[in-house]
Amino acid sequence: MWLSTKTYGHELGLSAVFRQWRADSHCNQLHGYSLAFTFIFEAEELDDRNWVADFGGLKPLKRWLQETFDHKLCVAEDDPQLEAIMALQDAG
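Residues numbered from 1 in each chain as written. Predicted model: local features only at pLDDT ≥ 70, side-chain atom pairs only at ≥ 80, totals over all residues. Heavy atoms only, no water.

This brings us to helix H2 (residues 82–91). Because each turn of an α-helix spans 3.6 residues, side chains separated by three or four positions end up pointing in the same direction. With one of ten residues buried, H2 lies mostly on the surface of the structure. With its phi angle positive at about 85 degrees, Gly92 sits one or two positions after the end of H2. (Buried < 20%, exposed > 50% of the residue type's maximum accessible area, 1.4 Å probe, protein only. Helix = DSSP H or I, 4+ residues; strand = E, 2+ residues; numbered from the N terminus.)

Here it is, written out as structure tokens:
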């Protein structure tokens, strides 16, 4: 079995704000994180280039990470303050 990893680290500049409304700590307030992601690819056999995965094909994944997590606010669908948070968005 062969493994290969691809990391999109802090140099990509992904950051998001989270709120865990059920937490009994500061996490129940809006707070931000710098994000990094590591993907592990596994193969039984290497391809004809001796690769597990062609990282050149990951551009859509990188774009999805940027669109999904870069300067975004993540809250639970059942957050009791969701309506107020959405009103802030609507207010610009």
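Attention now moves to the nonpolar core. Tyr8, Leu14, Ala16, Phe18, Leu35, Phe37, Leu58, Leu65 and Phe69 together form the largest nonpolar core, which totals nine residues. Counting only elements with at least two residues in this core, the list comes to strand S2 (15–19) and helix H1 (59–69). Not counting residues up to four positions away in its chain, the partners in contact with Phe37 are Lys6, Thr7, Tyr8, Leu14, Leu65 and Phe69. (Core = buried A, V, L, I, M, F, W, Y, C linked by side-chain atoms within 4.5 Å. Contact = heavy atoms within 4.5 Å.)

With that out of the way, let us pick up the pairing of S2. Sheet analysis places S2 next to strand S3 (residues 31–34), joined by four bridges and oriented antiparallel. Across the sheet, the residue bridging to Phe18 is His31, located in S3. Of the pairings in the sheet, the one linking S2 to strand S5 (residues 72–75) comprises four bridges and is parallel in character. Pairing of Ala16 across the sheet is with Lys72, part of S5. (Pairing = 2+ DSSP bridges.)

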